[in-house]
Amino acid sequence: MIDTAVILAAGKGERFREESNIRSKPLAEIFGVSLIERNIYMLKEYLSVKKIIVITGFNHQELENHLNKIKQRRNLDIKAIYDQDWEKGNGHTFLTGLNNTSAERFYLQMSDHLFTDDFYEKIKNSIIDQDKSYLITSKSLSYFHDLQDATKVKIKNDTIKEINKSITHASGYDTGFFIINKLNYNNFDGSKLEKIEFSNINQFVADKNFLKPIFVNENSWMDVDNKSELEKSKEFLIEGLKSKKTDGSASKHINRKISALISKKLVNYEITPNQISIFAFIVALVGAYLISKNNYLLMVLGGVFAQLSSVIDGCDGEIARLKLLNSKFGGWFDQVLDRYSDIFILSGLTINCFNTYQSNFVLFVGLLAVGSKVLLSYTAYKYDEIIKGQDVFRIGRDLTTLILLIGLILNFPYFTLVILTIIFNFEIIKRIIILKDKFI
């Protein structure tokens, strides 16, 4: 298991500095978080990296002071290594990192690159040959990339044969993230070179057939080279919010697209994820009260409020991801409020139906709906953990809230209550069957 990462952060970033007032590119902030802190956080969060080595160069003292603050605030093992000859090129900076880590295999990334959750998940789930090194590669480029500036690769028989910026017919593009096997790089001799480019070192490894690609989606990475790309990076991070693995179909195609637009506005204000969770809960309470009324317009308005609560409920996690405010308590607190919201909304629907039919059987169906919905949420913890990454249709809170709204618009509250009860129990039974032989 790889537990060490090296981040190259020694460059001058002349284009970036000419267009902004920021002296060091790794210190540039997106949504109040520096590029270097975002990279460090993502390495720890998604790849379980325990030790991070940052190779500094230009304006190293200011960057190292910033790293010390990150180290204390996030309680991480961060070590800064100053490359005195950083002006000899990013290849020299890489060799400094190579010579200052005891790990035989480690992750390597550039400090001015951004990556989505999906990018790291792909690395985490890839089967690799421990004797090789890997370049994370995209087969094409997206709106977020500059073709002229991209480092290109030629691939044959699942092995990288060429890597440089001048390749005309590229097989893929360098994302700025590597899995390094130290032995593959140890014999490179750059002592006679005035300038050492990292691509030259990688070509040395490729010539020995030791460099292989791991393919990722072109929308999962971005290189920040200038001020305009720094602005574009905000859009990149917001687009990345739309790819949460546990999202159900309704959330993926409807809720997440709306919540991302809301989060795009909220991220500019001093609003915490927990405050958003509480607001979503209040909206759900209003919806539950309106649904309980035997008035068609109020009932439908209640369904709209329930759906709105479901949409807003996605914003707390999105703001946490954009501002790196994720916390175990915040996630748990949000889940608790979600369960309360479910109970109140389904109770409101049960009251509505009982007032219409005055039947104890309606009460029984309503109680079963409430209990089943809570149980559905309980089973989701282990279910989502085990089937993570698999393309399995998931019935979650997003879909059931949408079904509720449609049923209320059609003026079939009792039929909707029955259907939801059936769906909840069907999904619970399905999960039991799927997980029966998957517990370790």
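Scroll up to find the structure.
Criteria and thresholds
- Think of each chain on its own: its residues are numbered from 1, step by step along the sequence as written.
- Whole-chain, interface and lining totals are the exception, using all residues; otherwise, since this is a predicted model, local features are given only for residues with pLDDT of at least 70 and side-chain atom pairs are given and counted only at 80 or more.
- Hydrogens and water molecules were not included; the side-chain quantities draw on all heavy atoms of the structure.
- Helix numbering and strand numbering both begin at the N terminus, where a helix is a DSSP run of H or I of at least 4 residues and a strand a DSSP run of E of at least 2.
- Throughout, exposure labels follow a simple rule: accessible area from a 1.4 Å probe, protein chains only, divided by the maximum for the residue type, with under 20% read as buried, over 50% as exposed, and the rest as partly exposed.
- Contacts between residues were defined by any pair of non-hydrogen atoms, one from each residue, lying within 4.5 Å.
- With residues, only the protein chains shown are counted as cover, and all accessible areas are computed by Shrake-Rupley using a 1.4 Å probe.
- Residues scored as charged are limited to Lys and Arg (positive) and Asp and Glu (negative), so that His and the chain ends carry no count.
- Lys charges are placed at NZ, Arg charges at CZ, Asp charges at CG and Glu charges at CD.
- Two strands pair under a simple rule: DSSP has to find at least two bridges between them.
- To obtain each axis, a line is fitted to C-alpha atoms, and for helices this fit is confined to the stretch in contact; angles are then taken between N-to-C directions over 0 to 180 degrees.
- Should an angle fall under 35 degrees it is taken as roughly parallel, and over 145 as roughly antiparallel, whereas 65 to 115 is taken as roughly perpendicular and any remaining angle as oblique.
- Here the nonpolar group is Ala, Val, Leu, Ile, Met, Phe, Trp, Tyr, Cys and Pro; Asp, Glu, Lys and Arg are the charged ones; every other residue, Gly included, is treated as polar.
- Take the number of residues in a helix, subtract one, and multiply by 1.5 Å to get its expected span.
- By nonpolar core is meant a set of buried Ala, Val, Leu, Ile, Met, Phe, Trp, Tyr and Cys residues that side-chain atoms within 4.5 Å join together.
- Within 6.5 Å between ring centres, the rings of Phe, Tyr and Trp (the latter by its six-membered ring) count as paired, and their orientation is classed by plane angle as stacked under 30 degrees, edge-to-face over 60, tilted in between.

**Q** Would you mind going over the overall build of the protein with me for this structure?
**A** Each helix and strand in the protein was counted, giving 15 helices and 13 strands. By residue count, 53% of the 440 residues in the protein fall in the buried class. For the protein, long-range pairs separated by at least 24 residues make up 78% of all intrachain contacts whose partners lie at least 6 apart in sequence. Surface accessibility of the protein: about 21500 Å² in total, with carbon and sulfur atoms responsible for 55%. Separation of charge centres in the protein, based on 55 positive and 50 negative side chains, amounts to 3 Å.

**Q** What is the right way to read the pairing of strand β6 (residues 105-110) from this model?
**A** Two faces, one strand: in a regular strand the side chains alternate between the faces of the sheet. When you tally the buried positions in β6, you get 6 out of 6 residues, the bulk of the element. The alternating pattern of β6 places Arg105, Tyr107 and Gln109 and Phe106, Leu108 and Met110 on opposite faces, both of which are buried. Note that strand β1 (residues 4-9) and β6 share 4 bridges and pair parallel. Counted as the bridge partner of Val6 is Leu108 from β6. Here 5 bridges tie β6 to strand β11 (residues 172-181), and the two strands are oriented antiparallel to one another. Looking at the pairing, Arg105 lines up with Asn181 of β11.

**Q** What should I look at first to understand the packing of helix α11 (residues 296-323) against helix α12 (residues 328-357) in this one?
**A** Each pair of packed helices gets described by two things: the angle between the helix axes and the distance between those axes. Relative to each other, α11 and α12 sit at 170°, their axes nearing to 12 Å. In terms of their interaxial angle, α11 and α12 are classed as roughly antiparallel. Side by side, α11 and α12 meet where Met299, Ala306, Asp313 and Asp316 of the first sit next to Asp334, Asp338, Ile345 and Asn352 of the second. When its residues are assigned to classes, the contact of α11 with α12 shows 3 nonpolar, 1 polar and 4 charged.

**Q** What is the right way to look at the environment of Leu237 in this model?
**A** By the element assignment, Leu237 lies in helix α8 (residues 227-240). Given the relative accessible area of 12%, Leu237 is considered buried. When the C-alpha atoms of Leu237 and Ile276 are compared, they prove to be 19 Å apart, with 39 residues separating the residues in sequence. With residues up to four places along the chain from it excluded, the contact list for Leu237 reads Ile30, Phe31, Arg38 and Leu322.

**Q** Where do I start with helix α10 (residues 273-291) in this structure?
**A** Structural remark: α-helix, 3.6 residues per turn; residues separated by three or four positions point the same way. For α10, spanning 19 residues, the distance from its first C-alpha to its last is 27 Å, which sits close to the expected 27 Å at 1.5 Å a residue. Where α10 is concerned, the buried positions are Pro273, Ile276, Ser277, Ala280, Phe281, Val283, Ala284, Gly287, Ala288, Leu290 and Ile291. Those residues of α10 that are buried lie in contact with α9 (249-266), α11, α12 and α14 (397-409).

**Q** Just checking my understanding: could you explain the nonpolar core for this structure?
**A** Nonpolar side chains in soluble globular proteins tend to be buried together. Counting residues in hydrophobic clusters, the biggest one holds 36 residues, and the most contacted among them are Ile36, Ile40, Tyr107 and Phe177. For this core, the elements supplying multiple residues, two or more each, are β1, α2 (35-47), β4 (51-56), α3 (60-74), α5 (117-124), β8 (133-138), β11 and β12 (211-216). Considering each element in turn, this core owes the most residues, 7 residues, to α2. Of all hydrophobic cores here, the second largest spans 26 residues; its members include Val6, Leu98, Tyr185 and Ile201.

**Q** Would you mind showing me how to read unusual backbone geometry here?
**A** For Leu324, which is not a glycine, the phi torsion comes out positive at approximately 55°. The class for Leu324 is buried, based on a relative accessible area of 4%. A positive phi is found at Asn411, a non-glycine position, where the angle reads about 65°.

**Q** Is there a simple way to think about the packing of aromatic side chains in this case?
**A** Aromatic ring pairs are described here by two measures, namely the spacing of the ring centres and the angle between the planes. Counted according to the given criterion, the structure contains 23 aromatic pairs. Summarising the aromatic geometry, the rings of Phe144 and Phe236 are spaced 5.3 Å apart at their centres and angled 80° between planes, so their arrangement reads as edge-to-face. One end of the pair, Phe144, is in the loop between β8 and β9 (152-156); the other, Phe236, is in helix α8, with 92 residues separating them in the sequence. Phe236 gets classed as buried once you look at its relative accessible area, which sits at 1%. Ring centres of Phe188 and Phe204 lie 5.5 Å apart, and the angle between their planes is 70°; on these two criteria the pair is classed as edge-to-face. Pair noted here: Phe188 is in the loop between α6 (182-185) and α7 (198-207) and Phe204 is in helix α7, with a separation of 16 residues, a long-range link.

**Q** Is there a simple way to explain the pairing of strand β10 (residues 159-164) in this structure?
**A** Examined bridge by bridge, β9 and β10 share 5 bridges and lie antiparallel to one another. In the sheet register, Lys154 faces β10, and the bridge partner there is Glu162. Here β9 hands over to β10 after 2 residues, with Asn157 in that stretch at a positive phi of 55°.

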